[in-house]
Amino acid sequence: AFIMKIERMDRVKSNFSIKNLENLSGIKAHTLRIWEKRYNLLEPERTDTNIRRYSLDSLKKLLNVTLLYNHGFKISKIASLDLDEIPKLVRSIALKSNSEQVSINAFKLSMINFDYELFDTNYEEILQHNDFEYVFLQIFMPLMRELGILWQTGAISPSHEHFLTNLIKQKLHLQTESLQRNKSLFNENPTFVLFLPENEIHELGILYLNYLILSKGHRTIFLGQSLQISSLATLYSYDTKFNFVSYITVEPNKDDIMLYLEDFHKHILDHQESKLLLFGPQQIAIDTNKLPDQIELYRSVESFVSKYFPEKVFV
């Protein structure tokens, strides 16, 4: 708790431009100015050069207003509500709605407010009506893509992104542990080995794939982030056939990726029955004409599932 307080003081963005608000809310700056002038919804301060700057409280209010507006409330009606009525109405709508964007906005609100209770309440409510795969693929993944853009444009700080990312990881770990404890896994080869290449630390994708493979009843060995190729060779003392699974977001970079795959094939796959299954955006830099048969590329989870678990749902 003490570390979080320090981080809040030192790193949390406390004032925002109207462009930041546009990016976070999806409401055009022109519309925001109209709302501000006509309904007095926001009260910006102005710099010496007459540029609007908005507080964190203004941003929280706007996210609430946007959620109501996108859910069919007229802006005149929203403007007439008392300040304490707006967040109560938002919570009620966020918990009852099946709209992915409403849920995403509610999670954004929990992030801006560092409100893990709102995150948990929203998550549990969605999970009552949907399975975890839906929550992760239809809500968490689009949310993380939005956060990536918001972070790059300066609309949120790293502490916001880290707060939300770690809560999502927490849910993945809980789901994964539940599968490991409560299910008898198939004794089918090969075992799936999940890892990230050296210097690659973006592990949400690989964490989800680990959960998914376990949910289909198959054994996994999860090795996590930033692993050297040489470390994987020791697995052959355990078994002789593996499906290695990796998710490349940043590393290896586009200039080094073909060399990395050559090394992987030489030291891990050559003269073995194993495969390397690759996911992630960085695969766009791979020359498929030079790819060995033992290395497979997957642009989507669905294509992977249809090949390796075509009709298998573990109960």
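What you are looking at is a predicted structure, and each value in this text was computed from that prediction instead of being measured. Starting afresh in each chain, residues are numbered from 1 along the sequence in its written order. This being a predicted model, a pLDDT of at least 70 is required before a residue's local features are given, and a value of 80 or more before pairs of side-chain atoms are given or counted; all residues contribute to the totals for chains, interfaces and linings. Here the side-chain values reflect all heavy atoms present in the structure, with hydrogen atoms and water set aside.

## A look at the sheet that holds strand β6 (residues 242-247)
Phase 1: Strand order in the open sheet formed by five strands is β5-β4-β6-β7-β8, with parallel pairing between adjacent strands. Two strands close off the open sheet at either side, each with one partner strand: β5 (220-227) and β8 (295-297). Across the sheet, the mean angle from the axis of one strand to that of its neighbour is 20 degrees, orientation sign disregarded.
Phase 2: We treat two strands as partners when DSSP finds at least two bridges between them. A helix here means a DSSP run of H or I that spans at least four residues, while a strand means a run of E at least two residues long, and both kinds are numbered starting from the N terminus. As paired strands, strand β4 (residues 191-197) and β6 are joined by five bridges and run parallel to one another. Looking across to β6, one finds that leucine 194 is bridged to valine 245.
Phase 3: Helix-sheet contacts for helix α13 (residues 257-269) involve β4, β6, β7 (275-279) and β8, and the interaxial angle to β7 is about 150 degrees. Interaxial angle, 0 to 180 degrees, is taken between N-to-C directions of lines fitted to C-alpha atoms, where a helix line uses only the stretch in contact. Between two residues, a contact is recorded if the distance between any of their heavy atoms is within 4.5 Å.

## Quick word on the sheet that holds strand β2 (residues 45-46)
Phase 1: In space, the three strands of this open sheet follow the order β1-β3-β2, with antiparallel pairing throughout. This sheet does not close on itself; its edge strands, each paired only once, are β1 (15-16) and β2.
Phase 2: Sheet analysis places β2 next to strand β3 (residues 52-55), joined by two bridges and oriented antiparallel. Bridging across to β3, arginine 46 finds its partner in arginine 52.
Phase 3: Contacts between helix α4 (residues 56-70) and the sheet are confined to β1 and β3, with β3 contributing the most and set at about 80 degrees to the helix.

## A short note on the environment of serine 306
Phase 1: Locating serine 306 in the fold gives a position in helix α14 (residues 301-308).
Phase 2: Taking relative accessible area as the criterion, serine 306 reaches 47% and is therefore assigned partly exposed. Burial classes follow relative accessibility: with a 1.4 Å probe on protein chains only, a residue under 20% of its type's maximum area counts as buried, one over 50% as exposed, and anything between as partly exposed.

## Comments concerning the pairing of β7
Along a regular strand, successive side chains alternate from one face of the sheet to the other.
Phase 1: The element β7 is extensively covered by neighbouring structure, given that four of its five residues are classed as buried.
Phase 2: As defined by bridge partners, β6 adjoins β7 across five bridges and the pair is classed as parallel. Each residue of the ladder has a partner; that of serine 246, found in β7, is leucine 278.
Phase 3: Every crossover in which the path from the first strand over the helix to the second runs clockwise, viewed with the strands pointing away from the viewer, is termed right-handed. Between the parallel pair β6 and β7, the chain is carried across by α13, and the sense of this crossover is right-handed.
Phase 4: Note: β7 against β8, three bridges, orientation parallel.

## Structural notes on helix α7 (residues 100-112)
Phase 1: A helix is expected to span 1.5 Å for every residue after the first. An ideal rise of 1.5 Å per residue puts 18 Å on 13 residues; α7 measures up with 18 Å between its terminal C-alpha atoms.
Phase 2: Burial runs high along α7: eleven of the 13 residues are buried.
Phase 3: For α7, the complete set of buried residues consists of Val102, Ser103, Ile104, Asn105, Ala106, Phe107, Lys108, Leu109, Ser110, Met111 and Ile112.
Phase 4: Phenylalanine 114, located one to two residues past α7, shows a positive phi value of around 50 degrees.

## Regarding α13
Phase 1: All buried positions along α13 are accounted for by Ile257, Met258, Tyr260, Leu261, Phe264, His265, Ile268 and Leu269. Down the axis of α13, the sector holding all buried residues measures 155 degrees, keeping them to one side. Those residues of α13 that are exposed and angled more than 90 degrees off the buried face are Leu259 and Lys266.
Phase 2: For α13, the elements touching its buried residues are β4, α12 (229-232), β6, β7 and β8. By definition, the arc is the one covered by directions from the helix axis to the C-beta atoms.

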